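Structural characterization, general
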Amino acid sequence: MFRCMLVRSSSSAKQSLMRRNLSSGSVPERKVAILGAAGGIGQPLALLMKLNPLVSSLSLYDIANTPGVAADVGHINTRSEVVGYMGDDNLAKALEGADLVIIPAGVPRKPGMTRDDLFNINAGIVKNLCSAIAKFCPHALVNMISNPVNSTVPIAAEIFKKAGMYDEKKLFGVTTLDVVRAKTFYAGKANVPVAEVNVPVIGGHAGVTILPLFSQATPQANLSGDVLTALTKRTQDGGTEVVEAKAGKGSATLSMAYAGALFADACLKGLNGVPDVVECSYVQSTITELPFFASKVRLGKNGVEEVLDLGPLSDFEKEGLEALKPELKSSIEKGVKFANQ
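Sequence positions are assigned chain by chain, starting from 1 and proceeding in written order. With the structure being a predicted model, the display of local features is reserved for residues of pLDDT at least 70 and the display and counting of side-chain atom pairs for 80 or more, all residues being used for whole-chain, interface and lining totals. Side-chain measures here rest on the full set of heavy atoms in the structure, leaving out hydrogens and waters.

What counts here: UniProt positions are given in the numbering used here, feature names are shortened, and annotations may be inferred rather than shown by experiment.
Per an unreviewed UniProt entry, the chain carries the name Malate dehydrogenase and comes from Brassica oleracea var. oleracea. UniProt, in the comment section headed Catalytic activity (unreviewed entry), describes the chain in these words: "(S)-malate + NAD(+) = oxaloacetate + NADH + H(+)". Per its UniProt entry, the chain bears the Subunit (unreviewed entry) comment "Homodimer."

1. Notes on the domain arrangement of the chain
Test applied: Each domain's extent is set by a domain assignment, obtained either automatically or from a database. The contact definition used throughout considers only heavy atoms, calling two residues in contact when any of these lie within 4.5 Å. Buried area, as used here, totals the accessible surface that two parts lose on assembly, with accessibility defined by a 1.4 Å probe and the loss added over both. In what follows, salt bridge is the name for a side-chain nitrogen of Lys or Arg lying within 4 Å of a carboxyl oxygen of Asp or Glu. By the criterion applied in these results, polar contacts are pairs of N or O atoms within 3.5 Å in which, for protein atoms, one can donate a hydrogen and the other can accept it, and in which residues neighboring in sequence qualify only through two side-chain atoms.
When cut into domains, the chain gives domain 1 (31–174) and domain 2 (175–340). Here the C-alpha centroids of domain 1 and domain 2 sit 21 Å apart. Counting residues at the interface gives 46 residues for domain 1 and 48 residues for domain 2. Roughly 3800 Å² is buried in total at the junction of domain 1 and domain 2, and carbon and sulfur atoms are behind 67% of that figure. Counting across the interface, domain 1 meets domain 2 through zero salt bridges. Counting across the interface, domain 1 meets domain 2 through 13 residue pairs in polar contact (both at pLDDT 80 or more).

2. Some words on the environment of Lys-249
Convention followed: Strands are runs of DSSP state E lasting at least 2 residues, helices are runs of H or I lasting at least 4, and numbering of each runs from the N terminus.
Summarising the element assignment, Lys-249 is placed in the loop between α9 (238–245) and α10 (254–271). C-alpha separation for the pair Lys-249 and Ala-38, spaced 211 residues apart in sequence, amounts to 17 Å.

3. Brief notes about the UniProt feature "active site" (unreviewed entry) in the chain
Let me state the cut-off plainly: Note on exposure labels: buried denotes an accessible area under 20% of the residue type's maximum, exposed denotes more than 50%, and partly exposed covers the range between, all computed with a 1.4 Å probe on protein chains only.
According to UniProt, the feature "active site" (unreviewed entry) maps to His-205 in the numbering used here. Relative to the helices and strands, His-205 resides in the loop between β7 (201–203) and β8 (210–212). For His-205, a relative accessible area of 2% translates into the label buried.

4. Observations regarding the nonpolar core
Threshold: Note on terminology: a nonpolar core comprises buried Ala, Val, Leu, Ile, Met, Phe, Trp, Tyr and Cys residues joined through side-chain atoms within 4.5 Å.
Core analysis: the largest hydrophobic core is formed by 49 residues, its most contacted members being Leu-35, Leu-95, Val-101, Ile-103, Ile-133 and Phe-160. For this core, the secondary structure elements donating two or more residues are β1 (31–35), α4 (91–95), β4 (100–103), α5 (119–136), β5 (141–144), α6 (149–162), β10 (292–300) and α11 (315–339). Shared between two domains, this core holds at least three residues of each, these being domain 1 (31–174) and domain 2 (175–340). The residues touching Phe-160, leaving out its near neighbours within four places in the chain, are Cys-130, Ile-133, Ala-134, Val-142, Met-165, Tyr-166 and Leu-171.

5. Points about α11
Here is the rule we go by: The span one expects for a helix is its residue count, reduced by one, times 1.5 Å. Consider a residue and the seven residues that end there alongside the seven that start there; fitting an axis to each set, the bend is the angle between those axes.
With 25 residues, α11 extends 37 Å from end C-alpha to end C-alpha; this agrees with the ideal 36 Å at 1.5 Å per step. In the structure, α11 departs most strongly from a straight axis at Lys-325, where the bend amounts to approximately 35° and where the proline Pro-326 lies between one and four residues downstream. What α11 keeps buried is the set Glu-317, Gly-320, Leu-321, Leu-324, Lys-325, Leu-328, Ser-331, Ile-332, Gly-335, Phe-338 and Ala-339.

6. Here we look at unusual backbone geometry
The omega torsion of the bond from Asn-147 to Pro-148 falls at -5°, within 30 degrees of zero and hence cis. Inspection of the secondary structure assignment puts Pro-148 in the loop between β5 and α6. Following Thr-218, the chain continues to Pro-219 via a peptide bond in cis, the omega torsion being -5°. Topologically, Pro-219 is positioned in the loop between β8 and α8 (225–236). The residue Asn-65 is not glycine, and still its phi comes out positive at about 70°. Residue position: Asn-65 is located in the loop between β2 (57–62) and α3 (66–74). Among the residues examined, Asn-65 registers a relative accessible area of 56% and is labelled exposed. One non-glycine residue, Asp-276, lies in the positive phi region at around 55°. With respect to the element layout, Asp-276 can be found in the loop between α10 and β9 (277–284). Exposure remark for Asp-276: the relative accessible area of 11% places this residue in the buried category.

If you want it as structure tokens, here you go:
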């Protein structure tokens with residue numbers, strides 16, 4: 001509905017049959033673990049995943065306060081059973097048997113902070129958590145939310161490689177919030193219902209590396225170059241807009257939790273065999289010369305089934321693509337270097 005999603009008409013009968021099967025009690029058992037579940041993103045994300053009927057077991061992990069979050073969320077009358085785990089000693093239990101691990105752990109941005117300022121703290125947290133994932137649930141899909149995503153995804157890849165269990169099809173940088181923002185901002189300017197809007201967003205997940213492809217937006221609206229430039233800038237600066245509006249009291253937590261829940265839902269549908277689930281995500285990729293890149297990805301039982309081509313770009317978007325490459329390349333290299341220190 002709100003997703004960067006393609007549905008082929010030829011598979012509509014197959015899909016409706018799949019939906020009937022999923023709604024008639026044949027939904028597979030799926031364990032989802034949230035690492036950083038007591039934080040600003042983690043708590044609303046835990047709530048949203050508790051509401052997802054595809055989840056049978058919800059495992060909430062953090063270094064503090066998780067029992068309270070688990071008790072609170074656990075009272076909600078939906079399918080999944082909730083268990084809270086606190087501290088390093090319980091990380092193994094939190095992860096064992098997980099089909100999907102979502103990582104919003106880390107410190108949030110504060111006013112004046114760039115995503116780079118977050119790097120040393122969050123990179124260390126991600127490194128430790130990914131070492132545990134490699135050990136206790138090596139076949140799980142991993143959804144990386146911890147910033148800077150442009151670097152934390154390459155860090156995770158390197159940690160998994162060292163452990164001898166790296167599968168590039170199962171590691172995702174969650175860039176869905178960029179898509180959510182692009183849709184919202186575009187709908188406002190195009191004066192169309194936001195539920196009908198689709199906008200692919202490519203590149204990375206920070207500043208100029210975020211490139212919304214408004215030339216491919218649907219429904220198409222005849223917006224001027226100046227409006228499209230402003231929409232692109234606002235999408236790129238969406239995180240800063242929230243940080244400044246919260247005046248030092250936090251960053252984008254609620255909208256990020258929503259976006260994280262959307263992407264997790266798509267991953268679960270893919271695992272369960274729902275056909276033609278397509279989302280934008282930051283993954284290992286060969287569609288540009290960069291080793292990691294966000295674009296439309298078809299999701300399936302193995303995670304990434306196919307990384308889709310970028311499609312036709314406007315001249316403005318082609319310029320944006322070339323402009324983002326040096327910064328994204330630098331962020332990737334920074335992550336690889338940190339992981340191998």
